[in-house]
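Next come the chains, spelled out residue by residue.
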Amino acid sequence: MTSTFKLLNKYYPQNFIIEKPYAGTGIFLAFCFLFLILYRPLNTHEARFFSFEITMAIYLGILSVPIFFVIRLLKKIRYFSNPTEWTILKEILAILFILSGMGISIYFIGFIMEGSGDRWNLPTFFSSCMVSFLIGIVPFLFFAATNYRYLFVTDIEKNFKPESNTALFPLEKLIKISSQLKKEELSFYPHQFIFAESDSNYVVFHLNVDNQIRKKTIRNSIGNIELQFSAIPFFMRTHRAFIVNVKQVISQKGNTLGYQLRIHGIDTLIPVSRQKTRDFDQLVKQYR
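All figures in this text were calculated on a predicted structure; none of them were measured in a lab.

## Focus on the overall build of the protein
When helices and strands are tallied, the protein shows 8 helices and 11 strands. A compact globule built from 288 residues should have a C-alpha radius of gyration of about 19 Å, whereas the protein, at 24 Å, is more than 25% larger. Principal-axis analysis of the C-alpha atoms places the extent of the protein at approximately 80 × 50 × 30 Å. Burial status across the protein gives 42% buried among its 288 residues. Residue pairs at least 24 apart in sequence account for 59% of intrachain contacts in the protein once pairs closer than 6 positions are excluded. Put simply, the protein shows about 16500 Å² of open surface, and 59% of that area lies on carbon and sulfur atoms. Between the centroid of the 32 positive side chains of the protein and the centroid of its 20 negative side chains there is a distance of 4 Å.

## Quick word on the environment of lysine 20
Mapped onto the fold, lysine 20 is located in the loop between α2 (16-19) and α3 (21-39). Remark: the alpha-carbon pair of lysine 20 and isoleucine 71, spanning 51 residues in sequence, is separated by 9.3 Å. Discounting residues that sit within four places of it in the chain, lysine 20 has contacts with Thr25 and Arg240.

## Quick word on the pairing of strand β7 (residues 235-239)
With respect to burial, β7 is a largely interior element, 5 of its 5 residues being buried. The sheet contact formed by β7 and strand β8 (residues 242-245) spans 4 bridges and is antiparallel. Counted as the bridge partner of methionine 236 is valine 244 from β8.

## Describing the sheet that holds strand β9 (residues 249-255)
Ordered by their spatial adjacency, 4 strands build an open sheet running β1-β9-β10-β11, and the pairing between neighbours is antiparallel. One side of each edge strand has no neighbouring strand; the edge strands of this open sheet are β1 (156-159) and β11 (266-272). Looking at each pair of strands side by side, their axes are set apart by 20 degrees on average, direction ignored. As defined by bridge partners, strand β10 (residues 258-263) adjoins β11 across 4 bridges and the pair is classed as antiparallel. Across the sheet, the residue bridging to tyrosine 259 is valine 272, located in β11.

## Overview of the environment of serine 132
Looking at the secondary structure, you find serine 132 in helix α6 (residues 122-145). Other than its neighbours up to four places away in sequence, serine 132 contacts Leu99, Met102, Gly103, Ile106 and Ile137. At a separation of 2.7 Å, a polar atom in the side chain of serine 132 contacts the main-chain carbonyl oxygen of serine 128.

## Digging into the packing of helix α5 (residues 88-114) against α6
Axes are the key here: two packed helices are described by the angle between their axes and the distance separating the axes. Where α5 contacts α6, the axes come no closer than 8 Å and their chain directions differ by 140 degrees. By the angle between their directions, the pair α5 and α6 is classed as oblique. Read as a crossing pair, α5 and α6 show a hand that is right-handed. Between α5, through Glu91, Ile95, Leu96, Ile98, Leu99, Met102, Gly103, Ile104, Ile106 and Tyr107, and α6, the contact on the second element is made entirely by Thr124, Phe125, Ser128, Cys129, Ser132, Phe133, Gly136, Ile137, Phe140 and Ala144. The class makeup of the residues in the contact of α5 with α6 is 14 nonpolar, 5 polar and 1 charged.

## Things to note about the side chain of lysine 90
Checked against the element boundaries, lysine 90 lands in helix α5. Summary of buried charges: lysine 90 has no salt-bridge partner, and the nearest side chain of opposite charge, glutamate 85, is 4.5 Å away. For lysine 90, the side chain forms a polar contact with the main-chain oxygen of tyrosine 79, separated by 3.1 Å. When near neighbours in sequence (up to four residues on either side) are disregarded, lysine 90 contacts Tyr79, Phe80 and Glu85.

Cut-offs applied
All chains use their own residue numbering, which begins from 1 and follows the written sequence. With pLDDT at 70 or above as the cut-off, local features in this predicted model cover only qualifying residues; side-chain atom pairs require 80 or more to be listed or tallied, and sums for whole chains, interfaces and linings still use all residues. Note that water and hydrogens are dropped before the side-chain values are worked out from all heavy atoms of the structure. Under the scheme used here, helices are H or I runs from DSSP no shorter than 4 residues and strands are E runs no shorter than 2 residues, and both carry numbers assigned from the N terminus. This radius of gyration counts C-alpha atoms alone. The globule rule is 2.2 Å times how many residues there are, raised to the power 0.38. Relative accessibility under 20% of the residue-type maximum defines a buried residue, over 50% an exposed one, and the middle range a partly exposed one, all with a 1.4 Å probe and only protein chains included. Any two residues whose heavy atoms approach within 4.5 Å at even a single point are treated as in contact. Only the protein chains shown count as cover for residues, with accessible areas throughout obtained via the Shrake-Rupley method and a probe of 1.4 Å. His is not counted, nor are the chain ends; Lys and Arg add positive charge and Asp and Glu add negative charge. Lysine's charge is taken at NZ, arginine's at CZ, aspartate's at CG and glutamate's at CD. For two strands to be treated as a pair, DSSP must find no fewer than two bridges joining them. Interaxial angles span 0 to 180 degrees and are taken between N-to-C directions of axes, which are lines fitted to C-alpha atoms, for helices over the stretch in contact. Whenever two N or O atoms come within 3.5 Å, that pair is a polar contact, provided that in protein one can donate a hydrogen and the other can accept it, and provided that, for residues adjacent in sequence, both atoms are side-chain atoms. Angles below 35 degrees are treated as roughly parallel, those above 145 as roughly antiparallel, those between 65 and 115 as roughly perpendicular, and all remaining angles as oblique. Note: crossing handedness is left-handed where the near helix turns anticlockwise from the far helix by less than a right angle, and right-handed where it turns clockwise. The nonpolar class holds Ala, Val, Leu, Ile, Met, Phe, Trp, Tyr, Cys and Pro. Asp, Glu, Lys and Arg form the charged class, and all remaining residues, Gly among them, are polar. Salt bridge, as used here, is a side-chain nitrogen of Lys or Arg placed within 4 Å of a carboxyl oxygen of Asp or Glu.

Next up, the structure:
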């Protein structure tokens, strides 16, 4: 039981279909369409006035709206909201949640495509859910399987002491960050910077000012901020959406496929992508 619990709560990358709702929904529906055309599973059949191919295309076209909505809704739920804390259990539950939404949607789409008839009954409802699961599970399993290697790597954990060399702080140069609109400016010293994260067209800065964590938001791209930080070697873009002050990291957990970083006083786990692990290790050796 304990080993099963550990396996289910082991870190696992978020399924691509869930991670990228727009592209994911399109790929998911394309997978389903090809599967339906090639195998015609269970009792799937054409509507009265259309061929089988057109019927399936219409079903999936209508289905694209609720599927996208269900994926977006899933990502709003707190338990599923943080992809850096994704696990095998969350992967399974998320897939079941989406496929359940798919089954319910197909059941009601059938009233449009085939008329009400005798559809308003539990056997038809359960049949719609079963067909949805058997068809929809295929693309989910494909993308889940592409991350199988994460099951066979051993996590390492390192802890670091908080930055304490305050004697150097007076020698630091003030950093000035301006917004793309040039209407606002943010200034701080390097030791005050904890991390920055991208939020759509904005970047949220997390700063330690007088031992208080403060958030400042500026309209800019994370790539532009990375360029402005290029002169500070211990500021690193660890992920497409995160820049972190390596000196502020107090723990590192993960493996060569990716790390999760903790910072004192911050609940957010900072991800280090697989491509960045080696560079991060070099900075840790130099500055921690």
